[in-house]
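Observations on the three-dimensional arrangement
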Amino acid sequence: MQPLILSSAEITAWIGSFLWPLIRVASMFSIAPVIGGKQIPRRIRIVAALLITLAIVPMQQDVPIIDPWSAEGVYVTAQQILIGLIMGFILMLVFAAVTLAGENIAMSMGLGFAMASDPINGVQVPVVSQFLVITASLLFLSMDGHLSIISMMATSFELLPIGTDGVSTAALWTLLQWAKIMFNAAASIALPAIMSLLTVNLVMGVMTRAAPQLNIFSVGFPMTMMAGYLILLFSLPTLLSVFDSLLKDAFETLTIILAGG
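Described below are features of the structure shown in this document. (Residues numbered from 1 in each chain as written. Predicted model: local features only at pLDDT ≥ 70, side-chain atom pairs only at ≥ 80, totals over all residues. Heavy atoms only, no water.)

**Comments concerning empty space enclosed by the protein**
Evaluated as defined, the whole model comprises three cavities of 30 Å³ or more. Forming the boundary of the largest cavity are I105, L132, I189, L232, S235, L236 and L239. A breakdown of the residues in the lining of the largest cavity according to their chemical character gives six nonpolar, one polar and no charged. (1 Å grid on protein atoms, 1.4 Å probe; cavity = no way out; pocket = protein on both sides within 12 Å on 5 of 7 lines; lining within 4 Å. Points joined across faces, edges and corners; volume = space filled by probe spheres on them. Nonpolar A, V, L, I, M, F, W, Y, C, P; charged D, E, K, R; others polar.)

Right under this line is the structure:
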């Protein structure tokens with residue numbers, strides 16, 4: 001019986017075929033919303049990254065034989081981290097737009113001081129932002145957004161396989177240009193509520209002008225909040241349409257970036 005003899009090149013190829021996909025997947029999981037949020041324990045995220053990597057490894061193309069500890073190996077590792085962070089960052093911008101819209105609505109309602117912990121980013125945000133982010137997370141899961149992320153991760157190894165050719169300058173410029181959509185989407189979500197609350201505030205101003213003895217602080221604040229809650233309830237369908245369009249644009253932009261910009 002002949003002993004099993006493995007060359008250093010074969011061992012390096014086996015290590016690289018699993019290590020670099022794991023780095024890309026783990027980098028994406030570190031900042032991706034919902035599936036990589038702060039509310040998900042770190043051990044679960046690590047196990048999920050390992051399982052997804054095991055499923056992706058057999059489908060990837062031939063991995064170049066590069067020593068992970070060489071200068072070229074460090075460069076390839078940095079490229080995989082960058083690709084994973086870009087994938088997570090684009091999706092994070094989608095939820096950042098929802099958070100920004102909630103902050104604008106909360107300021108118009110007079111609830112800018114009512115802060116709560118954001119379950120996605122683990123920071124303090126207005127309660128309206130927290131409500132919208134939780135709603136967006138449920139929409140994300142109901143639309144199989146988590147499965148789309150995994151599918152896009154598998155596709156990334158076809159569009160941008162592991163090697164020395166990483167993210168191009170044109171792809172990074174495409175990412176910077178797409179980042180502005182966060183403000184456009186936030187305005188699209190918050191604009192109906194802001195305009196309605198502006199009308200309510202104008203009405204309260206006219207009432208105060210007509211009846212100066214009216215205590216605007218004791219009457220206007222509860223009425224503004226009540227109107228804000230009703231407007232927020234009726235404007236939720238706008239969140240669904242804008243969020244769905246924003247997710248589609250995010251995945252399309254991500255495909256363009258992975259394809260080279």
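**So, the packing of aromatic side chains**
On inspection of all chains with the given rule, the structure shows two aromatic pairs. Both rings, one in F95 and one in F140, keep their centres 5.8 Å apart while their planes meet at 70°; by these two values the pair is edge-to-face. Here F140 lies in helix α4 (residues 127-142) and F95 lies in helix α3 (residues 71-109), a separation of 45 residues in the sequence. Of the two residues examined, F95 and F140, each falls in the buried class. Ring centres 5.6 Å apart and planes at 75° place the aromatic pair F95 and F243 in the edge-to-face group. (Phe/Tyr/Trp six-rings, centres within 6.5 Å; stacked < 30°, edge-to-face > 60°. Helix = DSSP H or I, 4+ residues; strand = E, 2+ residues; numbered from the N terminus. Buried < 20%, exposed > 50% of the residue type's maximum accessible area, 1.4 Å probe, protein only.)

**Section: the environment of L93**
Here L93 is to be found in helix α3. Using a relative accessible area of 8% as the deciding quantity, one classes L93 as buried. Residues L93 and F183 lie 90 residues apart in sequence; the distance between their C-alpha atoms is 9.6 Å. Beyond its immediate sequence surroundings of up to four residues, L93 is in contact with W178, A179 and M182. (Contact = heavy atoms within 4.5 Å.)

**Considerations on helix α9 (residues 236-258)**
For an α-helix the count is 3.6 residues per turn, leaving residues at separations of three or four pointing the same way. The end-to-end C-alpha distance of α9, which contains 23 residues, comes to 33 Å, matching closely the 33 Å that a straight helix rising 1.5 Å per residue would cover. Inspection of α9 places L239, V242, F243, L246, L247, A250, F251, T253, L254, I257 and L258 among the buried residues, and these make up the whole buried set. Contacts made by the buried residues of α9 are with α3, α4, α5 (145-159), α6 (169-178) and α7 (181-210). Of the residues flanking the end of α9, it is G260, one or two places downstream, whose phi is positive at about 115°. (Expected span 1.5 Å × (residues − 1).)

**Focus: the layout of surface pockets**
The volume enclosed by the largest pocket comes to roughly 170 Å³. Residue lining of the largest pocket: L22, A26, F29, S30, R42, R45, I46, A49 and L50, and that is the complete set. Those elements that place two or more of their residues in the lining of the largest pocket are α1 (8-31) and α2 (42-56). Per element, the largest residue contribution to the lining of the largest pocket is five residues, and it comes from α2. Here the residues of the lining of the largest pocket are counted per class, giving six nonpolar, one polar and two charged.

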